[in-house]
Amino acid sequence: MQAFDETFDFVVVGSGGGSMCGGLFMRASGRSVVILEKTSLVGGTTARSGGVMWIPNNPFMRRDGVEDSPEKASAYLDAVVGDAEDAPGTTPARRRTYVAEAPRMVAFLLSQGIKLTRVKSWPDYYDEREGGTEAGRTVVAELFDVNELGPWKEKLRPGFVTYAASLEELMQLPTYKQAWSGKFLMLKVMLRTVVSRLAGKRLVSAGAALQGQMLRAALKTGIDIRTESPVRELVVENGVVTGVLTVKDGRPWAIGAQLGVLVNAGGFARNQAMRDKYQPGTSVLWTNAAEGDTGEMIEEMMRHGAAIGQMEEMVGYQSTLAPGTENNDVKPPAQSLTAAPHAILVDQSGVRYMNEGGSYMEYCRKMLARNKTVPAVPSWAIFDAAFLRNYMLAGTMPGSKKPDSWRAQNYLREAATVGELAALLDIDPATLTATVARFNGFVARNCDEDFGRGARAYDRWLGDPYHRPSETLGTIAEAPFYAVPVVPGDVSTYGGVVTDENARVLREDGSIIQGLYATGTSTASVMGRAYPGAGSSVGPAFTWGFVAAQHAARANAR
Ligand SMILES: Cc1cc2nc3c(=O)[nH]c(=O)nc-3n(C[C@H](O)[C@H](O)[C@H](O)COP(=O)(O)OP(=O)(O)OC[C@H]3O[C@@H](n4cnc5c(N)ncnc54)[C@H](O)[C@@H]3O)c2cc1C
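We now turn to the structure provided with this report. This one's a predicted model, so the numbers in the text were calculated from it and none came from an experiment.

About the cut-offs
Residue numbering note: each chain is counted from 1, following its sequence as written. Selection of residues for local features in this predicted model requires a pLDDT of at least 70, selection of side-chain atom pairs for listing and counting requires 80 or more, and totals for whole chains, interfaces and linings are taken over all residues. For the side-chain quantities, the full set of heavy atoms in the structure was used; hydrogens and water were omitted. Only Phe, Tyr and Trp rings take part, Trp by its six-membered ring, and two of them pair if their centres are within 6.5 Å. Stacked means planes under 30 degrees apart, edge-to-face means over 60, and tilted covers everything else. Secondary structure elements are defined from DSSP: runs of H or I of at least 4 residues count as helices, runs of E of at least 2 residues count as strands, and each element is numbered from the N terminus. Burial classification: accessible surface area is computed with a 1.4 Å probe over protein chains only, and a residue below 20% of its type maximum counts as buried, one above 50% as exposed, and the rest as partly exposed. Think of a 1 Å grid over the protein atoms and nothing else: a 1.4 Å probe that fits but is trapped marks a cavity, an open set flanked by protein within 12 Å on at least five of seven lines marks a pocket, and residues with an atom within 4 Å of a point count as lining. Grid points are joined across faces, edges and corners, and a volume is the space filled by probe spheres set on the points. Any residue outside Ala, Val, Leu, Ile, Met, Phe, Trp, Tyr, Cys, Pro, Asp, Glu, Lys and Arg is labelled polar, Gly included; the first ten of those are nonpolar and the last four are charged.

## With respect to the packing of aromatic side chains
In step 1: Counted under the stated rule, the structure contains 19 aromatic pairs.
In step 2: An angle of 80° between the planes, with centres 5.2 Å apart, marks the rings of Tyr317 and Tyr360 as edge-to-face. Of this pair, Tyr317 sits in the loop between β13 (314-316) and α11 (335-339) while Tyr360 sits in helix α12 (residues 360-370); the two residues are 43 residues apart in sequence, bridging distant segments of the chain.
In step 3: On the basis of relative accessible area, Tyr360 is assigned to the buried category, the value being 9%.

## Description of unusual backbone geometry
In step 1: Arg468 connects to Pro469 through a cis peptide bond whose omega is 5°.
In step 2: Among the structural elements, Pro469 can be located in the loop between α17 (457-462) and β17 (481-486).
In step 3: Here the residue pair Ala479 and Pro480 is connected by a cis peptide bond, since its omega of -5° sits within 30 degrees of zero.
In step 4: Take Pro480: it is sitting in the loop between α17 and β17.

## Section: the layout of surface pockets
In step 1: Each pocket or cavity is described by its volume, and for the second largest pocket that value is around 350 Å³.
In step 2: Residue lining of the second largest pocket: 16 residues in total, with Pro280, Glu312, Arg365, Leu368 and Lys372 positioned closest to the centre.
In step 3: Of all the secondary structure elements, the ones that give two or more residues to the lining of the second largest pocket are β13 and α12.
In step 4: With 5 residues, α12 is the single largest residue contributor to the lining of the second largest pocket.
In step 5: Taken together, the residues of the lining of the second largest pocket break down into 7 nonpolar, 5 polar and 4 charged.

Function cannot be inferred from these measures alone, as they are strictly geometric.
Here it is, written out as structure tokens:
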């Protein structure tokens, strides 16, 4: 028998969203909880993220009169995710449980004082499929003053938003060139940022606001949260997980778990050896995941017989690594770059090969697939002067002077004609010229006959709301012409251990590893190999943490 240094009802490994959510449920049931976080900061990649959760049939949709139902949401997941033998993370039972429990999880968080709302318009990524919605099913956190965390405020992992702006506002800010509403919004955000700072507040938004609120609630309810407490091993006795081995004050420390261990330790985006094994051709240098995302808990669960699935999948997020941004926590995104008017993506032979709108996961998957036949990593974003004047590039404002290093280091290529640009990229000028001419023909007919860009609401949403007749299609015709490289980056991995509809970890033969629960990117996603809409990672991480806690409390009801 393992001798434990201390014992809790519920032991949580990692401080992702699902961990605090599950912990809060346990505390509400009167149980003791410890959260062990390896790094010095709480909140994981979730705190760095947009904090968007994809929650079907959520209370805010009902409030705003947006139609949804469990049947509609299930039909959507069946259409987009479906079943496949090589995607064991998703089963009809798991999808139904997700659809039922996700809105209950949100109601629970609201009851705990977490302030949430919805983004008015964020289309499902496949809104045209059965059950899809153009309004979207996203839930996000309201702005949060980190000073409310008192001495813990420096322990919250910082988010990527530097202004006191909601995610919705942030996404509208770049329209300040096109519309007065954008200019007023810019002013409003600046004013709020300055006034709140003068008032002694430190307002954060997106994932930091979500995790900040979760941390505040967790501390208030008496969850024991420990940073710099890596879990090295699971304790397994007679096939049952009974605790974990961690460190305390630099010494080995064994903690017993009466009701179960929940692993919410992220994926393996920061582990190149695991990437090489499961996702060859991808790089830790392109990830936006936080530094703790190193996969050892997935390997530890495998050591105890856990089945794994979907390990080849990542939440791809296309990036363009401008000089000086290579080491940024969050790399400059390329999503709105090639989905905006006056821009396309081509492979290294100068050929366009995808709809540049749509799901970022699918976009990066297509880049990697293309690269197997034609060099396409990196691919080239091709755009013109109209693009540069009107839209953001690698985090710089529309029309702003670009850093000299961009040209000096051959990041931003510029030429007077498309043919000359091609020569700079070692592409056959006739090929690139033909690609651009063909695309311009599609623009004239307002129909992308090759890849259907603009047919989906989400493609148009990614473009310029003020560009007509199409929000996403615009000619590449105004000299000079430009190119920057685009790589298949990511915001996390998407495969891990296989879990059942109670978030229990399963063995290859389908049997349950008693006492062991898992959620988030430590698991094979319930979304299979698809990304149905914004928040398809954080939403399930929270929800399965909630489900795990309910099951552990119920199965061991006092
Ligand atoms: C910029 C950006 C924006 C994004 N926006 C969104 C979005 O809006 N919506 C969405 O759904 N997804 C988004 N994503 C992806 C999403 O953030 C992640 O997929 C998700 O947060 C992963 O959550 P998790 O709970 O699995 O892990 P995490 O939140 O990463 O938490 C895992 C924690 O476990 C800790 N840990 C690891 N190993 C151990 C160990 N051995 N012992 C103890 N602790 C350990 C880690 O340090 C980490 O703190 C975004 C990502 C980024 C980078």
